[in-house]
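Residue-level listing of the chains:
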Amino acid sequence: MEMLKGKKAVIFGVANERSIAWAISRSLHEEGAELAFTYAGEVLEKRVRPLAEGIGSRIILPCDVTKDGQIDEVFATLKAEWGALDILVHAIAFAAKEDLSNPYLQTSRQGFQLALDVSSYSLVALSRHAASLMEGRKGAILTLTYMGSEKVIPHYNVMGVAKAALEASVRYLAHDLGPKGIRVNAISAGPIKTLAAAGIPGFKEMLHYSSERAPLRRNVDAEEVARAALYLVSDMASAVTGEVLHVDGGYNIMGM
Ligand code: NAP
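Parameters at a glance
- Residues numbered from 1 in each chain as written.
- Predicted model: local features only at pLDDT ≥ 70, side-chain atom pairs only at ≥ 80, totals over all residues.
- Heavy atoms only, no water.
- Helix = DSSP H or I, 4+ residues; strand = E, 2+ residues; numbered from the N terminus.
- Buried < 20%, exposed > 50% of the residue type's maximum accessible area, 1.4 Å probe, protein only.
- Contact = heavy atoms within 4.5 Å.
- Salt bridge = Lys/Arg side-chain N within 4 Å of Asp/Glu carboxyl O.
- Pairing = 2+ DSSP bridges.
- Right-handed = clockwise from strand over helix to strand, strands pointing away.
- Axes fitted to C-alpha atoms, helices over the stretch in contact; angles between N-to-C directions.
- Parallel < 35°, antiparallel > 145°, perpendicular 65-115°, else oblique.
- Left-handed = near helix turned anticlockwise from the far one by under 90°.
- Near = heavy atom within 4 Å.
- Polar contact = N/O pair within 3.5 Å; in protein donor to acceptor, adjacent residues only side chain to side chain.
- Areas by Shrake-Rupley, 256 points an atom, 1.4 Å probe, with all protein chains shown as cover.
- 1 Å grid on protein atoms, 1.4 Å probe; cavity = no way out; pocket = protein on both sides within 12 Å on 5 of 7 lines; lining within 4 Å.
- Sits in = over half its atoms within 2 Å of the grid points.
- Nonpolar A, V, L, I, M, F, W, Y, C, P; charged D, E, K, R; others polar.

A. Broad picture of the side chain of Ser127. Position of Ser127 relative to the elements: it lies in helix 5 (residues 109–133). Relative accessible area serves as the criterion here: at 1%, Ser127 is assigned to the buried category. Discounting residues that sit within four places of it in the chain, Ser127 has contacts with Leu88, Ile141, Leu173 and Leu177.

Encoded structure:
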């Protein structure tokens with residue numbers, strides 16, 4: 001069964017084959033969706049282009065989400081090529097290295113602004129553009145978050161604050177876009193070894209800790225996140241919006 005046959009999806013946040021966005025892309029592709037990709041810089045283009053072309057994607061565009069002009073370009077191209085859009089996947093986050101190693105108290109104004117700009121505001125900007133192409137198409141917008149938004153995770157620091165803003169944005173965007181039939185949801189994934197995760201000091205410890213304490217007594221993998229993503233962007237979740245779905249082996253329910 002091809003659940004997403006005829007659907008057009010744009011994916012932000014593939015860095016390499018380990019990216020959560022890449023696992024999501026593969027599962028959307030397997031269900032028949034046509035995909036467009038963006039990459040953040042020339043170095044990444046070398047990784048993203050072969051992956052994207054390998055699953056038959058023709059639209060592969062540069063987009064640093066801190067640059068409004070590049071965002072405009074992406075959606076102008078999607079409008080010209082496709083004329084419409086059904087799915088937006090936002091799997092982007094960034095914080096300066098020092099803001100993940102120093103105490104949160106030391107976060108600079110610049111570091112705070114950068115983390116929230118890339119990791120939170122970008123969802124608002126991308127959703128605004130996407131919504132104009134989703135008119136009358138029951139669009140679905142999906143982002144990725146982490147429970148460092150809800151509870152203190154040592155070293156996650158300003159990213160936790162950015163994820164809290166991201167999750168609140170999911171709710172406000174769901175409210176704004178609901179009358180147009182557009183749904184906005186997030187997946188709060190357990191820790192998974194990726195490029196972005198490698199930048200978090202003590203990430204190995206996070207993996208170990210969550211596998212010992214999660215009710216399922218193991219970590220999750222990107223394919224499990226991708227299956228939940230498929231549910232959220234498909235008609236299976238037609239009445240679900242403004243939701244943060246934990247895909248973390250149940251870790252988030254634990255008190256002790
Ligand atoms: P990843 O493969 O490194 O993906 C992160 C992506 O964000 C990269 O493609 C990166 O590009 C992009 N990005 C950073 N700054 C950008 C900018 N200014 N403009 C455009 N793109 C930019 O890591 P991932 O773990 O799959 O992360 C995907 C999402 O899942 C993130 O939101 C992350 O917070 C979330 N998440 C991850 C985990 C985990 O344990 N891995 C758990 C929960 C949630 P560059 O490489 O060029 O910077």
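B. Quick look at the environment of Glu45. By the element assignment, Glu45 lies in helix 2 (residues 42–54). As a C-alpha pair, Glu45 and Ile60 span 15 residues in sequence and 8.5 Å in three-dimensional space. Discounting chain neighbours no more than four positions away, the residues touching Glu45 are Tyr39 and Pro50.

C. Expanded view of the pattern of salt bridges. This structure, assessed with the given rule, holds eleven salt bridges. Among the ionic pairs, Lys5 bridges to Glu2, the shortest N-O distance being 3.7 Å. Among the salt bridges present, the one from Glu45 reaches Arg49, with a minimum N-O distance of 2.9 Å. With Glu45 and Arg49 both in helix 2 and four residues apart, the pair spans about one turn of that helix. For Glu45, a relative accessible area of 22% gives the class partly exposed. Among the residues examined, Arg49 registers a relative accessible area of 28% and is labelled partly exposed. In this structure, a network of salt bridges that share partners links the residues Glu45, Arg49 and Glu53.

D. Focus on the pairing of strand 3 (residues 59–62). When strand 2 (residues 34–39) meets strand 3, the two strands line up parallel, connected through four bridges. Considered in strand 3, the bridge of Thr38 is made with Leu61. Running through helix 2, the crossover from strand 2 to the neighbouring parallel element strand 3 is right-handed.

E. Representation of the side chain of Lys8 within the structure. Relative to the assigned elements, Lys8 resides in strand 1 (residues 8–12). On the basis of relative accessibility, which here comes to 17%, the residue Lys8 falls in the buried class. The residues contacting Lys8, other than those within four sequence positions of it, are Glu34, Trp82, Ala84, Leu85, Asp86 and Ile87.

F. Spotlight on the sheet that holds strand 6 (residues 183–189). Strands sit in the order 3-2-1-4-5-6-7 across an open sheet of seven strands; the sheet is parallel. Both edges of this open sheet fall to strand 3 and strand 7 (244–247), since each of them pairs with a single strand only. If you compare each strand with its neighbour and ignore which way they point, the axes differ by 20° on average. Across six bridges, strand 5 (residues 140–145) lies against strand 6 in parallel orientation. Residue pairing across strands places Ala140 opposite Arg183, the latter belonging to strand 6. Strands strand 2 and strand 3 of the sheet are contacted by helix 2, whose axis makes an angle of about 175° with strand 2.

G. Representation of the packing of helix 3 (residues 68–81) against helix 5. Between helix 3 and helix 5, the shortest axis-to-axis distance is 10 Å and the interhelical angle comes to 20°. One element, helix 3, and the other, helix 5, form an angle in the roughly parallel class. Here the hand of the crossing between helix 3 and helix 5 comes out right-handed. Across the interface between the two elements, Ile71, Asp72, Phe75, Leu78 and Lys79 from helix 3 touch Ala125, Leu126, His129, Ala130 and Leu133 from helix 5.

H. Just the site of the ligand, in detail. The immediate surroundings of the ligand are formed by 28 residues, with Ser19, Ile20, Lys163, Ile192 and Thr194 found nearest. Ile92 has a polar backbone atom sitting 3.4 Å from an oxygen atom of the ligand. Backbone polar atom of Ile192 to an oxygen atom of the ligand: 2.7 Å apart, as the coordinates give it. For the ligand, whose accessible area on its own is 880 Å², the fraction buried by protein is 88%. With respect to the detected pockets, the ligand is housed in the largest pocket. Ranked by residue count, the leading element in the shell around the ligand is helix 7 (residues 195–198), at three residues. Residue composition of the shell around the ligand, grouped by class: 21 nonpolar, five polar and two charged.

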